[in-house]
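# Overview (structure and organization)
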Amino acid sequence: QFVMKKTSGKIVMFTSTTSGEGKTFVASNLAVSKALLGKKVLLVGLDIRRPRLAEAFGFDVNAEGITTYLAADAGDVAMLDKFIVPSGVVSGLDVLAAGIVPPTPAELLSRSNLDKAFEYLSGKYDYIILDTAPVGLVSDSFIVSRVADAVVYVLRIDYTQRDDVEYLKTLVANSKLENVSYVVNGDKVSKKS
């Protein structure tokens, strides 16, 4: 709530440098926490190269999701409603999984359908949490960041490298990601830290 760049901000994007830092875990837990506070929350799987969100919630990983909408020519935003499912974890939390892995993810995310989708969904939810791809591996999250009001960058103790932190500083300094906050994931610090 304190890091939104606009007073009407409601879209929070989660990313990291590489896989395994816990961005899906942290994003999912924030979504659950907000729903437990009585907010209407949508958790969206936008790591469309290696989707993990459907699996994390026990949904069919081969079912259609946001990628079907993004690939559509007409951009009929009402199509999104048939892909949104209740989380089954807490009332008020819905999930929009990535869906079928497309052949050209960056191109798909660059389409105006992404902007239209979040304009539509913002009218239906108090918060929208985006689980996106790691920025150290692909450019997808840079593309998605245009629809986010805030970016949460997940770092993991005894996993994230110091060079990755320097990389993040460069991204912020060069305005590749804006309104960035950090979450340090993990509970044990080794003696070498």
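Everything discussed here concerns the structure shown above.
Residues numbered from 1 in each chain as written. Predicted model: local features only at pLDDT ≥ 70, side-chain atom pairs only at ≥ 80, totals over all residues. Heavy atoms only, no water.

### Some thoughts on the packing of aromatic side chains
Describing an aromatic ring pair means giving the distance of the ring centres and the angle of the ring planes. Scanning all chains against the criterion turns up 1 aromatic pair. Aromatic side chains F57 and F59 sit 6.1 Å apart centroid to centroid with 15 degrees between the ring planes, which places their arrangement in the stacked category. Its relative accessible area of 14% is what places F57 among the buried residues. One residue, R156, lies across the ring of Y159, its end atom 5.3 Å from the ring centre. (Phe/Tyr/Trp six-rings, centres within 6.5 Å; stacked < 30°, edge-to-face > 60°. Buried < 20%, exposed > 50% of the residue type's maximum accessible area, 1.4 Å probe, protein only. Lys NZ or Arg CZ within 6 Å of the ring centre and 35° of its normal.)

### Notes on the side chain of S87
Residue position: S87 is located in the loop between β3 (84–86) and β4 (93–96). A distance of 3.1 Å separates a polar side-chain atom of S87 from the backbone nitrogen of V89. (Helix = DSSP H or I, 4+ residues; strand = E, 2+ residues; numbered from the N terminus. Polar contact = N/O pair within 3.5 Å; in protein donor to acceptor, adjacent residues only side chain to side chain.)

### A word on the sheet that holds strand β5 (residues 127–132)
Judged by pairing direction, the sheet is mixed, and its 7 strands sit side by side in the order β3-β4-β2-β5-β1-β6-β7 without closing on themselves. The sheet is open, and its two borders are formed by β3 and β7 (180–185), each paired with just one other strand. Strand-to-strand, the axes of this sheet are offset by a mean angle of 25 degrees, without reference to chain direction. The sheet contact formed by strand β2 (residues 41–46) and β4 spans 4 bridges and is parallel. If you follow V44 over to β4, its bridge partner there is L96. (Pairing = 2+ DSSP bridges. Axes fitted to C-alpha atoms, helices over the stretch in contact; angles between N-to-C directions.)

### Quick word on the environment of Y120
By the element assignment, Y120 lies in helix α5 (residues 112–122). Judged by its relative accessible area of 25%, Y120 is partly exposed. Separated by 27 residues in sequence, Y120 and V147 place their C-alpha atoms 12 Å apart. Residue contacts for Y120: discarding those within four places in its chain leaves V77, A78, L80 and D81. A polar side-chain atom of Y120 sits 2.5 Å from a polar atom in the side chain of D81. (Contact = heavy atoms within 4.5 Å.)

### Observations regarding the pairing of strand β1 (residues 11–16)
In terms of residue burial, β1 counts as a mostly covered element, since 6 of its 6 residues are buried. Alternating residues of β1 divide into I11, M13 and T15 and V12, F14 and S16, and every residue in both groups is buried. Judged from the 4 bridges that link them, β1 and β5 form a sheet pairing that is parallel. By the bridge assignment, V12 is partnered in β5 with I129. Taken together, the 5 bridges between β1 and strand β6 (residues 150–156) define a ladder with parallel strand orientation. Across the sheet, the residue bridging to F14 is V152, located in β6.

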